[in-house]
Amino acid sequence: MNDEYWFDLGPLSGIPKRGARTVKVPRREIAIFRTANDEVFALENRCPHKGGPLSEGIIHGRKVACPLHNWVIDLDSGEAGGADHGCARSFPVKVENERVFINMGVAAGP
């Protein structure tokens with residue numbers, strides 16, 4: 001069975017540079033982030049600290065600061081930085097022909 005089902009989320013330009021948009025899938029909401037260098041990452045839209053909406057945080061480099069308590073989360077791994085401990089679940093994304101895709105086999109799973 002193929003666990004890869006890449007769903008088209010739309011054009012890269014639909015996500016602001018140093019911004020995010022959210023996608024609701026069964027079981028969760030996922031934040032799709034775009035860095036200033038057009039890198040794209042996907043994390044569950046919940047800070048591991050108190051569940052704050054990471055999509056509303058400030059992106060700097062390859063990290064996002066949670067808007068509630070300023071925890072800094074690595075966009076690639078989902079790991080909290082510094083003295084903070086916890087991890088936001090990350091999901092596979094890719095950009096092809098200026099369009100963003102998420103692997104729904106992983107994103108919609110448990």
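Here's what I pulled together on the structure shown here. (Residues numbered from 1 in each chain as written. Predicted model: local features only at pLDDT ≥ 70, side-chain atom pairs only at ≥ 80, totals over all residues. Heavy atoms only, no water.)

Note: strand β2 (residues 19-25) against strand β3 (residues 28-34), seven bridges, orientation antiparallel. If you follow Lys 24 over to β3, its bridge partner there is Glu 29. Counting the residues between successive antiparallel strands, the hairpin from β2 to β3 contains two residues, one of them, Arg 27, with a positive phi of roughly 85°. (Pairing = 2+ DSSP bridges. Helix = DSSP H or I, 4+ residues; strand = E, 2+ residues; numbered from the N terminus.)

What follows covers the side chain of Asp 74. In this fold, Asp 74 is placed in strand β7 (residues 72-74). Polar side-chain contacts of Asp 74 include one of 3.5 Å to the side chain of Lys 63. (Polar contact = N/O pair within 3.5 Å; in protein donor to acceptor, adjacent residues only side chain to side chain.)

Right, let's talk about the sheet that holds strand β8 (residues 90-91) for a bit. Strands sit in the order β2-β3-β4-β8 across an open sheet of four strands; the sheet is antiparallel. Each of the sheet's edge strands pairs with one partner strand only, and the pair in question is β2 and β8. Across two bridges, strand β4 (residues 40-44) lies against β8 in antiparallel orientation. Its bridge partner lying in β8, Leu 43 is registered against Ser 90.

All right, on to the pattern of salt bridges then. Taken as a whole, this structure holds seven salt bridges when the rule is applied. Between Asp 38 and Lys 17 there is a salt bridge; the shortest N-O distance is 3.2 Å. One end of the pair, Asp 38, is in the loop between β3 and β4; the other, Lys 17, is in the loop between β1 (6-11) and β2, with 21 residues separating them in the sequence. Note that Asp 38 is salt-bridged to Arg 34, the shortest N-O span being 2.7 Å. Of the residues examined, Asp 38 reaches a relative accessible area of 30% and is grouped as partly exposed. Under the relative-accessibility criterion, Arg 34 is labelled buried at 10%. A single salt-bridge network, built from bridges that share partners, covers Lys 17, Arg 34 and Asp 38. (Salt bridge = Lys/Arg side-chain N within 4 Å of Asp/Glu carboxyl O. Buried < 20%, exposed > 50% of the residue type's maximum accessible area, 1.4 Å probe, protein only.)

This structure, assessed with the given rule, holds zero disulfides. Distance from the sulfur of Cys 47, which forms no disulfide, to the nearest cysteine sulfur (Cys 66) is 3.8 Å. (Disulfide = S-S within 2.5 Å.)

Once that is clear, we can look at the environment of Arg 18. The topology assignment puts Arg 18 in the loop between β1 and β2. The residues touching Arg 18, leaving out its near neighbours within four places in the chain, are Arg 34, Thr 35, Ala 36 and Ile 59. (Contact = heavy atoms within 4.5 Å.)

The three strands are arranged β1-β10-β9 in an open sheet whose pairing can be described as antiparallel. Each of the sheet's edge strands pairs with one partner strand only, and the pair in question is β1 and β9 (93-96). This sheet shows a mean twist of 30° between the axes of neighbouring strands, independent of strand direction. Pairing geometry for β1 and strand β10 (residues 99-103), over five bridges, is antiparallel. Bridging across to β10, Gly 10 finds its partner in Val 100. (Axes fitted to C-alpha atoms, helices over the stretch in contact; angles between N-to-C directions.)

Nothing here speaks to function; it is all geometry.
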